[in-house]
Structures are given as structure tokens and as C-alpha cells.
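Residues per chain, in single letters:
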Amino acid sequence: LAIQYDRLAGHRRRPVLLVRRMLALLAFGLVHLFLIWDGDILTEYALAGLVVLPFLFGPTWAVALGAALSLLFYLAMPALPPLVAFPDVSWLTSHVQAATRVYGTGGFADVLAFRIDEVKAMLTLHVLIFPRTVGLFLLGMLAWRLGIARDAGRHARGLWLAGATGVAIGLVLIVTIGASPYALWPARGAVGAIAASAGTIVLALGYASLVAAAGTDSAGRWLAWAEPVGRMAFTNYVVQSLVLAWIFYGYGLGLFARIGLVDGLALVVAIYVGQVLFSRWWLRRFRYGPLEWLWRTLMYGARLPFRWPLPARHLAGSPPQF
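Report on the accompanying structure. All figures in this text were calculated on a predicted structure; none of them were measured in a lab.

1. Points about the packing of aromatic side chains
Working step 1: Inspection of every chain in the model, using the stated rule, returns 17 aromatic pairs.
Working step 2: On the basis of an interplanar angle of 55° and a centroid distance of 6.4 Å, the ring pair of Trp-281 and Trp-282 is categorised as tilted.
Working step 3: With relative accessibility at 40%, the residue Trp-281 sits in the partly exposed group.
Working step 4: With a relative accessible area of 14%, Trp-282 lands in the buried category.
Working step 5: When the ring of Phe-286 is compared with that of Phe-306, the centres are 4.9 Å apart and the planes differ by 35°; the resulting orientation is tilted. Of this pair, Phe-286 sits in the loop between α11 (261-283) and α12 (290-300) while Phe-306 sits in the segment after α12, and the two are 20 residues apart along the sequence.
Working step 6: Classification of Phe-306 as partly exposed rests on a relative accessible area of 22%.

2. Digging into the packing of helix α4 (residues 60-76) against helix α8 (residues 189-214)
Working step 1: Close contact between α4 and α8 brings their axes to 8 Å; oriented N to C, the two are set at 140°. Regarding the angle of α4 to α8, the classification is oblique. Mapping the contact onto sequence places Leu-71, Tyr-74 and Leu-75 in α4 and Ile-194, Ser-197, Ala-198 and Ile-201 in α8.
Working step 2: Looking at side-chain class alone, the contact of α4 with α8 contains six nonpolar, one polar and no charged residues.

3. Thoughts on the environment of Pro-59
Working step 1: Residue placement: Pro-59 occurs in the loop between α3 (42-56) and α4.
Working step 2: By relative accessible area, Pro-59 is classed as partly exposed at 39%.
Working step 3: Remark: the alpha-carbon pair of Pro-59 and Arg-145, spanning 86 residues in sequence, is separated by 9.8 Å.

Rules used throughout
Residues numbered from 1 in each chain as written. Predicted model: local features only at pLDDT ≥ 70, side-chain atom pairs only at ≥ 80, totals over all residues. Heavy atoms only, no water. Phe/Tyr/Trp six-rings, centres within 6.5 Å; stacked < 30°, edge-to-face > 60°. Buried < 20%, exposed > 50% of the residue type's maximum accessible area, 1.4 Å probe, protein only. Helix = DSSP H or I, 4+ residues; strand = E, 2+ residues; numbered from the N terminus. Axes fitted to C-alpha atoms, helices over the stretch in contact; angles between N-to-C directions. Parallel < 35°, antiparallel > 145°, perpendicular 65-115°, else oblique. Contact = heavy atoms within 4.5 Å. Nonpolar A, V, L, I, M, F, W, Y, C, P; charged D, E, K, R; others polar.

Below you can see the structure in the form of C-alpha cells.
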């Protein structure tokens, strides 16, 4: 959002285009949520994007304050009265049994009806993590404003240090007192929940810092293979849902709850390798992934160029055209 905001500088319809960008994403998300997979994240991203859009037009201190307050509120939630009621263990047990039966053996209509009914339960999870999503959106906006993401090379040393520190602190919180199955001495109540939540955020930020730092020097060439996948992240995300729906649901192979950890990991690697190869092949021929192109077209209200001029002179690593 911050990058798009800067690239639209001087455009008289900048606020309208940014709102249309989020509304188009919301439409994609609702289709994905109800028709493909109710673990959808696009809908939450679109709603969070609409919430943080006004910050793009405000001062940097407001972005920093908004990020801090959102993340602090999220971390404090275990110690506060619950915003929404979480389903109890008996409901979850019966629901998992029903989901295993319907998703593993049901036809498309059965799966669709069950998924739509299940969305109500999923909304509880989305409400609980929404402050974190908003806070991380604002944190990303702040990283762009401060030049950390825009010119990572100048901040490489700080990124390496932040990455190593974040990974270390995050792991310590998660494997010591965080309320999780991986903790050695999990704390009870709100303390354990807060430690686990803080640990996952710090660990993720540390990991992201290390990736950003690695991309600024000679180590970056070892990450170049992943660039086409990232440039088609929207398309790849939805394609993963379509492929896995066919693998797991009853109207496909019906392997829901029948694959172990080793087979599941092999499946993940196989799909990802396939998307690495396909994304590179696709971006040698087209400017955008198909859904990325459709999203931009809906945003601008005009059909954008899709193919590269022939003969293709652009590699997959060339910058996207806006």
C-alpha cells in the first residue's frame, strides 16, 4: 500500500484508486472464502487495508503510534475481557469429526454448504487476530516510510543484527514460557498466551529482516529463484487453494485427514517447486500473473498491457510496470 501510494503521487484520483484496490481485493477474498477455502486471508487483508488507508495520508509519527497501539492491544488481549466467545472443546471436537467426514467424502454441494456454515466459526479467529494484522500493516508502512524497505542496502548491518536478535528472542519466548506445545516451561494463563503471541511476531520480524539483509549483498543471488513466485504471490496463493481443494476434498482425491506429516511436507515441497518453475516461465511471457493483472485492471478501470512485446527482452526478474 505504501509503495502504491508513492507511485501514485500527483495522481488526482489517488485516494479513489487505493480504495478501489482494496475493494477489488475484498471481492476476490469473499469468492475465495465461500467458494474455495474458508481459511482465506484476502478478506482480512482487504478490510485491514481499508482501515490503514487514512494513515497513508498522515504523518510518520501517526503511523508509528498506530502500529504500536494495535500490536500492544493484540498482545494485551489475553488479559482483557474477551471480544468474542471462542468455541468450547466439545464443540470443536464434534466439528472436527463432521469436517473430516464432509470434506473427505462429500460432493461439491456438501462441501460448499458446510464451508459456508463454518465461516461463522472462522470469524472468531479473524476478530482475534485483526488488531495484529492492522499493526503489522502499519509496521510495514513505517518500514517503507523510513527507507528500511526502500533502500535495504544502506541498512544491511542493522537488518542482520535485528534479524539475529529477533529470531533469538522469538525462539526463546516460544520454547520457554510461551503457551504452546513446544514450550519447555509454559506459563499459565495470560502470561503464557502473551509470551507466545509476542514470540511469533518477533520471530517473524526477525526472519523477514534476515531475508531483506540477505538480498542486499552477494547472498542475494541465492534468493533470486524465489522472486518470480513473490511477484505472482496472489495467483500462487489462489492456485494453491484450488490444487489442495482437489487433493483433499471429497469431490477430488478425498485425502482430507489421511496424509501424515512426512507426506504432507513432500506435498508442500512439490507444489512450491512447481510454482517456482511455472512463475518463472509465466513472467518471461507476461508482465503480471493473471490475478495480479486482473486486480490492477479493476483498480484502474482500464485494460492494462498483459504480454511483453515480442521478441521478449525481459526476464522474470525485471521490475513490474504500474
